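Chain by chain, the residues run as shown.
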Amino acid sequence: MKEAPAYVPGHQLLAGKSVLITAAAGAGIGFAAARKCAEEGCRALMISDIHPRRLEEAVAKLKADTGLQNVWGQLCNVTNEEEVQALVAAAEDKLGGVDVLINNAGLGGEKRVTEMTDDEWNRVLDITLTGTFRMTRAMLPHMEKRGRGAIVNNASVLGWRAQKGQAHYAAAKAGVMALTRCSAVEAAEHGVRINAVSPSIALHEFLKKASSEELLAQLASREAFGRAAEVWEVANVMVFLASDYASYMTGEVLSVSSQHA
């Protein structure tokens, strides 16, 4: 099968819940997750990004496409602690408390270890791993005080598997997996669940610009379905983990992949 299945409509999995999503103003998994959350009945939604114009356009598109009017945007660079705290404070205020946090912010790239600079290594880890940590650290006290909430982190199969030129990204995503497991154990006693998705390859415009056609074709050929995932297929799993259908799941990393092995 090389064609994606039909788009799956919402089933009110997040009815009555409020959602905060980082790095959600592009054409990737973050925006797909935001759209899915709205289609699944969330009562209020806030998305963040570092690009003002793109963020404004994303908020308008979400309102127009889904009909949900309780949508807000907030600029936030997850490498900046003050901006992270401001985002969480704004979300708590505008949404009347955050029920679901989706940590989507991340940065990739391709560089051999012997050619990689400290700055290149540190930037990927700071956004992808430490950014997820900062958001989790800022959000957890609010959720724990209420005795409920769900956090969904975006990891990658590269946290488990090796690929040339991806040492910094793979290390960061493996760290996200470890952060997910350890923070989940700490949060469980307060009624908060923390899980992660681990996509293999989900095709979107930014990935097309950042990677060669040859590499993307090679990665897709390794999938059992012979194609990359649609971003909404990853978003579907995020929504499941955020929903009450996953009430007994915490500290788990779900692979969203059709790789042979």
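Please refer to the structure higher up on the page.
Colleague: Please explain the overall build of the chain as it appears in this structure.
Modeller: Along the backbone of the chain there are 8 helices and 7 strands. At 17 Å, the chain has a C-alpha radius of gyration in line with the 18 Å of a compact globule built from 261 residues. If one aligns the C-alpha atoms of the chain with their principal axes, the spans along those axes are about 45 × 40 × 40 Å. Here the chain holds 261 residues, and the buried ones make up 49% of them. Of the contacts made within the chain by residues no fewer than 6 positions apart, 77% connect residues no fewer than 24 positions apart.

Colleague: How should I be thinking about the environment of Val-152 in this particular structure?
Modeller: Examined against the element boundaries, Val-152 turns out to sit in strand β5 (residues 149-154). Val-152 sits in the buried class, given a relative accessible area of 1%. Dropping the residues within four chain positions of it, Val-152 is found in contact with Leu-101, Ile-102, Asn-103, Asn-195, Val-197, Met-238, Leu-241 and Ala-242.

Colleague: Before we go on, may I ask you to explain the packing of helix α1 (residues 29-39) against helix α8 (residues 231-242) in this structure?
Modeller: Helix-helix packing is described using two parameters, namely the angle between the two axes and the distance between the axes. Between α1 and α8, whose axes approach to 8 Å, the crossing angle comes to 55 degrees. Relative to α8, the element α1 is oriented oblique. In the packing of α1 onto α8, the handedness of the crossing is right-handed. The residues of α8 that touch α1, namely those facing Ile-29, Ala-32, Ala-33, Lys-36 and Cys-37, are Val-231, Trp-232, Val-234, Ala-235, Asn-236, Met-238 and Val-239. Of the residues belonging to the contact of α1 with α8, the class tally is 10 nonpolar, 1 polar and 1 charged.

Colleague: Help me understand the nonpolar core, please; the structure alone is not making it clear to me.
Modeller: One broad trend across soluble globular proteins is that nonpolar side chains are buried collectively. Ranked by size, the top nonpolar core spans 37 residues in total, and within it Val-19, Ile-21, Cys-37, Leu-45, Ile-47, Ile-102 and Val-197 carry the most contacts. Among the elements that take part in this core, α8 stands out by supplying 8 residues, more than any other. Ignoring anything within four residues of it in the chain, the contact list for Ile-21 reads Gly-30, Ala-33, Ala-34, Cys-37, Leu-45, Met-46, Ile-47, Ser-48, Ile-102 and Asn-104. If you look at the next biggest cluster of nonpolar residues, it comprises 32 residues, including Val-84, Ala-91, Leu-95 and Ile-194.

Colleague: What's the story with the environment of Arg-146 in this structure? I'm lost.
Modeller: Tracing the chain through its elements places Arg-146 in helix α4 (residues 118-146). On the basis of relative accessibility, which here comes to 28%, the residue Arg-146 falls in the partly exposed class. Apart from the residues lying within four places of it in its own chain, the contact partners of Arg-146 are Glu-92, Gly-97, Val-98 and Met-139. Side chain to side chain, Arg-146 and Glu-92 meet in a polar contact 2.8 Å long.

Colleague: I would appreciate a short explanation of the sheet that holds strand β6 (residues 192-199) in the present structure.
Modeller: Sheet strands line up and pair through hydrogen bonds in the backbone, either parallel or antiparallel. Read from one edge of the open sheet, 7 strands run β3-β2-β1-β4-β5-β6-β7, paired in parallel fashion. Sheet topology places β3 (71-75) and β7 (253-256) at the edges, where each strand pairs with a single neighbour. Each strand of the sheet is rotated relative to its neighbour by a mean of 20 degrees, with strand direction disregarded. By the bridge criterion, 6 bridges tie β5 to β6 in an arrangement that is parallel. From the neighbouring strand, Ile-151 faces β6, where its bridge partner is Ile-194. In this fold helix α5 (residues 167-188) packs onto β5, β6 and β7, with an angle of close to 160 degrees to the strand it touches most, β6.

Colleague: Is there a simple way to think about the pairing of β5 in this case?
Modeller: Consecutive residues of a regular strand have side chains that alternate between opposite faces of the sheet. Judged by how many residues are buried, β5 sits mostly within the fold: 6 of 6 residues are covered. Residues Gly-149, Ile-151 and Asn-153 point to one face of β5 and Ala-150, Val-152 and Asn-154 to the other, with burial holding for every one of them. Across 4 bridges, the pairing between strand β4 (residues 100-103) and β5 is parallel. Residue Ile-102 lies in a different strand from β5, and its bridge partner there is Val-152. A crossover connection joins β4 to the parallel β5 through α4; in handedness this β-α-β unit is right-handed. In this region the chain leaves β5, passes through α5 and returns to the parallel neighbour β6; the handedness of that crossover is right-handed.

Colleague: What should I look at first to understand the packing of α4 against α5 in this one?
Modeller: It is the contact of α4 with α5, at a shortest axis distance of 8 Å, that shows an interaxial angle of 15 degrees. One finds that α4 runs roughly parallel with respect to α5. Of the two possible hands of crossing, α4 and α5 adopt the one that is right-handed. Between α4, through Glu-120, Trp-121, Val-124, Leu-125, Thr-128, Leu-129, Thr-132, Phe-133, Thr-136, Leu-140 and Glu-144, and α5, the contact on the second element is made entirely by Ala-167, His-168, Tyr-169, Ala-171, Ala-172, Lys-173, Gly-175, Val-176, Leu-179, Ser-183, Glu-186 and Ala-187. Here the residues of the contact of α4 with α5 are counted per class, giving 13 nonpolar, 6 polar and 4 charged.

Calculation criteria
Residues numbered from 1 in each chain as written. Predicted model: local features only at pLDDT ≥ 70, side-chain atom pairs only at ≥ 80, totals over all residues. Heavy atoms only, no water. Helix = DSSP H or I, 4+ residues; strand = E, 2+ residues; numbered from the N terminus. Rg over C-alpha atoms; globule rule 2.2 N^0.38 Å. Buried < 20%, exposed > 50% of the residue type's maximum accessible area, 1.4 Å probe, protein only. Contact = heavy atoms within 4.5 Å. Axes fitted to C-alpha atoms, helices over the stretch in contact; angles between N-to-C directions. Parallel < 35°, antiparallel > 145°, perpendicular 65-115°, else oblique. Left-handed = near helix turned anticlockwise from the far one by under 90°. Nonpolar A, V, L, I, M, F, W, Y, C, P; charged D, E, K, R; others polar. Core = buried A, V, L, I, M, F, W, Y, C linked by side-chain atoms within 4.5 Å. Polar contact = N/O pair within 3.5 Å; in protein donor to acceptor, adjacent residues only side chain to side chain. Pairing = 2+ DSSP bridges. Right-handed = clockwise from strand over helix to strand, strands pointing away.

Purely geometric numbers; function is a separate question.
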